[in-house]
Amino acid sequence: MSRMLSLRIAWRFLRSAPVQSLLIISGIAVGIAVQIFVGSLITSLQGSLVDQTIGSAPQVTFQALTDGDPVRYSPKMQDVIANDPRVKRGSVSPVRFATSLYTNGTDSASLSLIGGELRELDGIYNVSKRVTDGTASLRATDILVGKDFAAKFKLTPGDSIALTLQGGSRATFTVAGIFDLGSAAFNERQAFVNGDVPRSLLGWSADQYSAVQVQLVKPFESAQVATDWRRKVPGVEVVEWQAQNADLLVALQSQGSSSYIIQTFVLVAIALGIASTLAIAAVQKTRQIGILKAMGLSDGRAGRIFLWQAIILGGVGSTAGVALAYFLLFGFSFSGASFSIQPKLSFVLLSAGVGIGVALASSIFPTRRTSKLDPIEVIQNG
Amino acid sequence: MAEKLLVADSLDKVYGTGEGATHALRGVSFELNEGEFAAIVGQSGSGKSTLLNMVGLLDTPTAGEVRFRGRNAEALPRPELARMRNELIGFVFQFHYLLPEFSVFENVAMPAFIGGTLAPGEIQARAEEALALLGLEGLEGKNANQLSGGQKQRVAIARALMNRPALLLADEPTGNLDTVNTDLVYDLFRKISAETGTAFMIVTHDRGVAQRTDRILEVTDGRLVQDIRNDYARAT
Ligand SMILES: Nc1ncnc2c1ncn2[C@@H]1O[C@H](COP(=O)(O)OP(=O)(O)O)[C@@H](O)[C@H]1O
Ligand SMILES: [Mg+2]
């Protein structure tokens, strides 16, 4: 018992007040668990929102300076895209747009056509994987329509549909497959066709496109990438998703800062809890500390008793908090939410570390009080 | 030729300042040899506890100095004073001051735990010896709270003996005990003193007890008014 005497005394003191110790450990555990849960929830929610918004959409796009004009997919442009490591491999898709109108006799709806190579479209929209019915194929007269459009007009794979294309010509397509890209608006109004369909309609040459769409490894680098490309490829317009989704970004940001506020308050609550518990413990044990000091316990070792208490409470509380957080996250996975929470190990460890750090910080007062206590005060006052 | 254990030189102690100040000690001087068995007597409030706390390196005089084995206490840093209290001095107070969170064995062994120099086996042996000396065998594992008043005070004495101190200070150690227990405790003190060469300073109201020591220091109003050698021990 001579070795680590301060720790052993700390442990004994904690055990002598088990209810008090358990309460504060529970307090820390709940606090840390909330901290981890809320932090992970917000991060995952944001990731999921961003993914929903731009995961299946172009993030940086080349287009003509004037709306409706073609942009030339020049060797220079191909070069710039191919040599930029920020571009996600295989996620470059030159596309041509055309508008059309579908009528089935009673109802009609406009349908925007996106023309391109299936393999390239997959790089942006991941169409093949999202075809839920029929086959993902874009041969000359194939069309892939969204599930909401198909439901509205009771279309199934193999059906023929006639469209009035922009400019007034009519063309007949075969519904090859029905896709679900996760957005009802997209599923209802957009369709994929072979790239030659809009090309012949618009009378463009093989290297002329409505847009060249690109996805990035890190979507939040889009503004920088766009700036670089504007400089490298003059004479075309480069647009990026962040500029077009300012509202979403503001929402994400304020969600992020409200999460920080919650986490800060949780930490403050933990700190106050530990600080008050330790302060009370230090006062309760004044008599014992005085006796120990009269017997020769040094100021430093006496002070360390409460430092150890903080480490024990903070350590056990934080560990229990991490366990509780994983339990909550496990429970959440059955909640039926549209996204799953992936707690980052680094964040979990950081939270636990912060818990212990806060515990240590809140032990400063009792530690100093204990270390300063003069044994004569206790001996004289009985 | 007896070695000098401690010297109290012109000790003054004033509590508080101005109007409300209490002059608890006025120019108290005496010397105590190694192994000496002394009593401090005097009326309540005369300054006995104040004197004992100063000799025990727990309190500091307002003027004058305490020299313990030649070292001036005032010149020593707090950690060194703590170390000397641990190694050289054993305290028994009027109230037992046991630690309720620890077992009887742990309470007795605590001074050795604090000292940190003895091997666990040695600590065990010494604690058992001290407990046996005080007739506390079999109570090692008990909690301090489970003991009677007399047992508690005996545990406190065993604890004070644990580090085989050069000086054992006892402030009215039998104040809460009946006559039978009081006699037992004093017989024990004498026995320990004879066996180990530990010096004793015992504060007591009890003239009968004081008569059985080698030396009686009498304090009145903060002054040492009498310092007499007693033949009792030598006579028996
Ligand atoms: N901490 C203190 N503050 C003020 N006065 C004190 C304090 N301790 C003791 N005294 C006073 O000093 C005098 C001596 O006290 P004390 O040494 O306890 O006497 P004794 O032990 O002989 O009864 C008393 O008048 C007491 O009231
Ligand atoms: Mg007294």
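What counts and what doesn't
Residues numbered from 1 in each chain as written. Chains lettered and ligands numbered in written order. Predicted model: local features only at pLDDT ≥ 70, side-chain atom pairs only at ≥ 80, totals over all residues. Heavy atoms only, no water. Helix = DSSP H or I, 4+ residues; strand = E, 2+ residues; numbered from the N terminus. Rg over C-alpha atoms; globule rule 2.2 N^0.38 Å. Buried < 20%, exposed > 50% of the residue type's maximum accessible area, 1.4 Å probe, protein only. Contact = heavy atoms within 4.5 Å. Lys, Arg positive; Asp, Glu negative; His and termini not counted. Charge placed at Lys NZ, Arg CZ, Asp CG, Glu CD. Salt bridge = Lys/Arg side-chain N within 4 Å of Asp/Glu carboxyl O. Near = heavy atom within 4 Å. Polar contact = N/O pair within 3.5 Å; in protein donor to acceptor, adjacent residues only side chain to side chain. Areas by Shrake-Rupley, 256 points an atom, 1.4 Å probe, with all protein chains shown as cover. Nonpolar A, V, L, I, M, F, W, Y, C, P; charged D, E, K, R; others polar. Buried area = accessible area lost by both parts, 1.4 Å probe. Phe/Tyr/Trp six-rings, centres within 6.5 Å; stacked < 30°, edge-to-face > 60°. Domains from an automatic or database assignment. Pairing = 2+ DSSP bridges. Axes fitted to C-alpha atoms, helices over the stretch in contact; angles between N-to-C directions.

Student: Would you mind showing me how to read the overall build of chain A here?
Tutor: Tallying secondary structure elements over chain A gives 16 helices and 12 strands in all. In terms of overall dimensions, chain A is more spread out than a globule: its C-alpha atoms have a radius of gyration of 32 Å, far above the 21 Å expected for 382 residues. For the C-alpha atoms alone, the extent of chain A along its principal axes is close to 105 × 45 × 30 Å. Counting over 382 residues, chain A shows a buried share of 48%. Residue pairs at least 24 apart in sequence account for 77% of intrachain contacts in chain A once pairs closer than 6 positions are excluded. Of the side-chain charges in chain A, 33 are positive and 25 negative, and the distance between the mean point of each set is 17 Å.

Student: Looking at this structure, I do not really get the pattern of salt bridges. What am I missing?
Tutor: Side chains that differ in charge, positive against negative, can pair when their charged atoms come close. All names here are of chain A. Scanning all chains against the criterion turns up 29 salt bridges over all chains. For the salt bridge of Arg231 with Asp228, the shortest nitrogen-to-oxygen distance reads 4.0 Å. Of this pair, Arg231 and Asp228 both sit in helix H9 (residues 222-232), 3 residues apart, roughly one helical turn. Taking relative accessible area as the criterion, Asp228 reaches 13% and is therefore assigned buried. Here the salt bridges do not stand alone but share partners, grouping Asp84, Arg86, Asp228 and Arg231 into one network.

Student: Hey, could you run me through the site of ligand 1 in this one?
Tutor: Close to ligand 1 lie A:Gln380, B:Tyr15, B:Thr22, B:Ala24, B:Gln43, B:Ser44, B:Gly45, B:Ser46, B:Gly47, B:Lys48, B:Ser49 and B:Thr50, which account for all nearby residues. Mapping the residues near ligand 1 onto chains gives chains A and B. In this structure, an oxygen atom belonging to ligand 1 sits 3.3 Å away from a main-chain N or O atom of B:Ser46. In this structure, B:Gly47 approaches ligand 1 through a main-chain N or O atom, which is 3.0 Å from an oxygen atom. Within the complex, the protein chains bury 64% of what would otherwise be the 560 Å² of accessible surface of ligand 1. Counting only elements with at least two residues in the shell around ligand 1, the list comes to strand E2 (22-33) and helix H1 (48-55) of chain B. Looking at which element gives the most residues to the shell around ligand 1, the answer is H1(B), with 3 residues. Here the residues of the shell around ligand 1 are counted per class, giving 2 nonpolar, 9 polar and 1 charged.

Student: Please explain the interface of chain B and chain A as it appears in this structure.
Tutor: In many reports, interface size means the accessible area that the parts give up when they come together. On the chain A side, the residues contacting the 28 residues of chain B number 30 residues. Taken together, both faces of the contact between chain B and chain A bury some 2,400 Å²; the carbon and sulfur share is 61%. The largest share of the area that chain B buries against chain A comes from B:Tyr97, B:Glu101 and B:Ile114, three residues that together contribute 30% of it. B:Glu106 is the partner of A:Arg12 in a salt bridge, and the nearest nitrogen-oxygen pair spans 2.7 Å. Looking at the side of chain B that touches chain A, the elements with two or more residues in it are helix H2 (78-88) and helix H3 (104-115) of chain B. No other element matches the 6 residues that H3(B) contributes to the side of chain B that touches chain A.

Student: Mind showing me how you'd approach the packing of aromatic side chains here?
Tutor: Residues and elements named next belong to chain A. As enumerated under the stated definition, the model contains 19 aromatic pairs over all chains in all. Relative to Phe186, the ring of Phe179 has its centre 6.0 Å away and its plane inclined at 65°; by these criteria the two rings are edge-to-face. The buried category is assigned to Phe179, whose relative accessible area is 0%. We classify Phe186 as buried; its relative accessible area is 17%.

Student: How should I be thinking about the domain arrangement of chain A in this particular structure?
Tutor: Split by domain assignment, chain A resolves into domain 1 (5-51 + 249-380) and domain 2 (65-235). Between domain 1 of chain A and domain 2 of chain A, the C-alpha centre-to-centre distance is 54 Å.

Student: Before we go on, may I ask you to explain the sheet that holds strand E1 (residues 4-15) of chain B in this structure?
Tutor: Whether parallel or antiparallel, the strands of a sheet pair through hydrogen bonds between backbone atoms. Residues and elements named next belong to chain B. Here 4 strands make up an open sheet; going across it, the order is E2-E1-E4-E5 and the pairing antiparallel. The sheet terminates laterally at E2 and strand E5 (71-72), the two strands that pair on one side only. Note that E1 and strand E4 (residues 63-68) share 5 bridges and pair antiparallel. When the sheet's bridge partners are listed, Val7 is paired in E4 with Arg67. Of the strands in this sheet, E1, E2 and E4 are in contact with H1, which crosses E2 at around 50°.

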